Amino acid sequence: MNGPIPGTVEVAVRHILSDRTTGFLTRTRTITWKDGLFRVRRPASGKQSVELICPVCDASLLAEVRTEARARRTGAVLLVLAALSAIVFVAACAYAFHEGGRTLPEGQSLPALFPVSVVSIFVTFVAAPVLLLRGRRHNGVTMLDAPKPRRRHAIIPVRG
Ligand SMILES: [Zn+2]
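What this report covers is the structure whose coordinates are included nearby.

**Focus: the overall build of the protein**
Then comes step 1: Across its full length, the protein holds two helices and six strands.
Then comes step 2: Mapped from its N terminus to its C terminus, the protein presents α and β elements in the order β-β-β-β-α-α-β-β.
Then comes step 3: A compact globule built from 160 residues should have a C-alpha radius of gyration of about 15 Å, whereas the protein, at 22 Å, is more than 25% larger.
Then comes step 4: Projecting the C-alpha coordinates of the protein onto the three principal axes gives extents of approximately 70 × 40 × 30 Å.

**What to know about the packing of helix α1 (residues 68–100) against helix α2 (residues 113–137)**
Then comes step 1: Running from amino to carboxyl end, α1 crosses α2 at an angle of 155°, the nearest separation of the two axes being 7 Å. Comparing their axes, α2 and α1 come out roughly antiparallel. In this structure, α1 meets α2 at a crossing whose hand is left-handed.
Then comes step 2: Across the contact of α1 with α2, the residue classes break down as 19 nonpolar, seven polar and three charged.

**Some remarks on the coordination of the zinc ion**
Then comes step 1: Of the protein atoms, only His15 (ND1), Cys54 (SG), Cys57 (SG) and His153 (NE2) coordinate the zinc ion, at distances of 1.9 to 2.3 Å.
Then comes step 2: Angles of 105 to 115° at the metal separate the four donor atoms of the zinc ion, which places the site in the tetrahedral class.
Then comes step 3: Spacing between the donor residues of the zinc ion along the chain follows H-x38-C-x2-C-x95-H. With Cys54 in the loop between β3 (47–53) and β4 (60–66) and His153 in strand β6 (residues 153–157), the pair connects residues that are 99 residues apart, well separated along the chain. Each member of the pair, Cys54 together with His153, is buried.

**Concerning the sheet that holds strand β1 (residues 8–22)**
Then comes step 1: Reading across the sheet, the three strands line up as β2-β1-β6 and stay open at both edges, with antiparallel pairing between neighbours. One side of each edge strand has no neighbouring strand; the edge strands of this open sheet are β2 (28–41) and β6. Across the sheet, the axes of successive neighbouring strands diverge by a mean angle of 30°, strand direction being ignored.
Then comes step 2: Relative to β6, β1 runs antiparallel, the two sharing five bridges. Bridge assignment links Val13 to a residue of β6, and that residue is Ile155.

**Re the pattern of salt bridges**
Then comes step 1: Taken as a whole and judged by the stated rule, the model has seven salt bridges.
Then comes step 2: Of the charged contacts, one joins Glu10 and Arg39 as a salt bridge, the two residues approaching to 3.9 Å between their closest N and O atoms. Of this pair, Glu10 sits in strand β1 while Arg39 sits in strand β2, and the two are 29 residues apart along the sequence.
Then comes step 3: Asp19 is the partner of Arg29 in a salt bridge, and the nearest nitrogen-oxygen pair spans 2.6 Å. A residue pair is termed long-range when its members are at least 10 positions apart, and Arg29 in strand β2 and Asp19 in strand β1 qualify at 10 residues.
Then comes step 4: Looking at Arg29, the relative accessible area reads 55%, which means it is exposed.
Then comes step 5: When salt bridges that share partners are traced, they join Lys47, Glu64 and Arg66 into one network.

**Structural notes on the packing of aromatic side chains**
Then comes step 1: For the structure on display, the rule yields one aromatic pair.
Then comes step 2: Between Phe89 and Phe125 the ring centres are 6.0 Å apart and the planes differ by 35°, which places this aromatic pair in the tilted class. Here Phe89, found in helix α1, pairs with Phe125, found in helix α2; they are 36 residues apart in sequence, far enough to count as distant.

Each value, and the rule that gives it
- Residues numbered from 1 in each chain as written.
- Predicted model: local features only at pLDDT ≥ 70, side-chain atom pairs only at ≥ 80, totals over all residues.
- Heavy atoms only, no water.
- Helix = DSSP H or I, 4+ residues; strand = E, 2+ residues; numbered from the N terminus.
- Rg over C-alpha atoms; globule rule 2.2 N^0.38 Å.
- Axes fitted to C-alpha atoms, helices over the stretch in contact; angles between N-to-C directions.
- Parallel < 35°, antiparallel > 145°, perpendicular 65-115°, else oblique.
- Left-handed = near helix turned anticlockwise from the far one by under 90°.
- Nonpolar A, V, L, I, M, F, W, Y, C, P; charged D, E, K, R; others polar.
- Donors = N, O, S within 2.8 Å, 3.2 Å for Na, K, Ca; no water.
- Tetrahedral: all angles 85-135°; square planar, octahedral: opposite > 155°, others 65-115°.
- Buried < 20%, exposed > 50% of the residue type's maximum accessible area, 1.4 Å probe, protein only.
- Pairing = 2+ DSSP bridges.
- Salt bridge = Lys/Arg side-chain N within 4 Å of Asp/Glu carboxyl O.
- Phe/Tyr/Trp six-rings, centres within 6.5 Å; stacked < 30°, edge-to-face > 60°.

Spelled out as structure tokens, the structure:
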């Protein structure tokens, strides 16, 4: 590897060999895969479809490549959403802790916002790290289509 080449982006075509979840009380997910590296040329503007051939099974995957400026913008938007999720998470935690910890007078129930804040905690707890990871790794290449066992393939960003 000679580092990033302007106007191109490196991605890995991931062929999932097996995806097994074992165990009952403590579930362990074991995924094995094989990656094939590709260098994809970015379009001068807009987006472009490219065909990538899986080196393991010869499946043809259709990917969409966007310009670097567009990829950076999308990545930045994802990072902003991640930050917003983190803020909502903290605010919802503070609110739920405050309301849940109060001793309510006889016959009074918790405000309607309480269950909303609990749901927000769970949603943002999952969303924030996912958005952060996606935003940091976003390279403007997305998988459009793959033959039958689509979920057995993935296109993974490679850091230059
Ligand atoms: Zn394959």
